[in-house]
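Coordinate inspection notes
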Amino acid sequence: MDDGKIKFIADVMLGRTARWLRLFGYDTIYNPDVEDFDILFTALIEGRILLTRDVQLARTGGSVTYLVRANNLWKQLQEITNHFSILPEISLQICPVCNGKISPAEKVKIQDSVPRYTYLTHQKFWRCEKCGKIYWKGSHLQLAREDIISHILKRDSDNEN
Ligand SMILES: [Zn+2]
């Protein structure tokens, strides 16, 4: 079960960042309704890194926490992928919506769940085992890829802070 990959839990301020980490294939819990103490508790129990913008929480949590310094989404993703050596690539392993596992789905079985045009023009589909959402390498993922390239991977040639 455990593939040895780092697992995260994100604090209330890092919702969008959490979705992107899932897109990169990293199990990342995010629940904005949970108290700081419970987030930290889950991090400890489940062996997750707590990503937080809260200096106090980072201090309390010590070594299981990582204090995210950047303010905006793209800078945060640059910071986190750098720090944890994460490849910022869409992996279709973790559902960005619910953090469930995504696995390949048989095409015939998802026929009624995707638009007809999509069904006819794509061969490979994936389904979230938890929420049932269906994925294919279509326009959404293409746009996400473009975001990654323009916002995250530009860091080598981008020296502004
Ligand atoms: Zn899902």
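To be clear, the structure that these remarks concern was listed above.
Residues numbered from 1 in each chain as written. Predicted model: local features only at pLDDT ≥ 70, side-chain atom pairs only at ≥ 80, totals over all residues. Heavy atoms only, no water.

With respect to the packing of aromatic side chains
If you walk through the whole model with that rule in mind, you get eight aromatic pairs. Pairwise contacts between aromatic rings join Phe8, Tyr26, Tyr66 and Phe84 into one cluster. Over the ring of tyrosine 26 we find lysine 5; its NZ or CZ atom is 4.8 Å from the centre of that ring. Just above the ring of tyrosine 135 sits the side chain of lysine 133; from NZ or CZ to the centre is 5.4 Å. (Phe/Tyr/Trp six-rings, centres within 6.5 Å; stacked < 30°, edge-to-face > 60°. Lys NZ or Arg CZ within 6 Å of the ring centre and 35° of its normal.)

Focus: the sheet that holds strand S6 (residues 125–128)
One open sheet holds the three strands; their spatial order is S5-S6-S7, and the pairing between them is antiparallel. Edge positions in the open sheet fall to strand S5 (102–105) and strand S7 (134–135), since each of these has one partner strand only. Pairing analysis gives two bridges linking S6 to S7, with the strands arranged antiparallel. Bridge pairing in S7 places tryptophan 126 opposite tyrosine 135. (Pairing = 2+ DSSP bridges. Helix = DSSP H or I, 4+ residues; strand = E, 2+ residues; numbered from the N terminus.)

Some remarks on the nonpolar core
In this structure, Phe8, Trp20, Phe24, Leu51, Ile80, Phe84 and Ile86 are the most contacted members of the largest nonpolar core, which totals 30 residues. Non-local contacts of isoleucine 86, meaning those with residues more than four positions away in its chain, are made with Phe8, Leu21, Phe24, Tyr26, Ile80 and Thr81. With seven residues, the next largest nonpolar core counts Leu40, Leu50, Leu57 and Val64 among its residues. (Core = buried A, V, L, I, M, F, W, Y, C linked by side-chain atoms within 4.5 Å. Buried < 20%, exposed > 50% of the residue type's maximum accessible area, 1.4 Å probe, protein only. Contact = heavy atoms within 4.5 Å.)

Examining helix H2 (residues 36–46)
Those residues of H2 lying buried are Ile39, Leu40 and Ala43. The arc that holds every buried residue of H2, seen down its axis, measures 95°, which confines them to one face. Those residues of H2 that are exposed and aimed more than 90 degrees away from the buried face are Phe37 and Ile45. Phi turns positive one or two residues past the end of H2, at glycine 47, with a value near 65°. (Arc of directions from axis to C-beta.)

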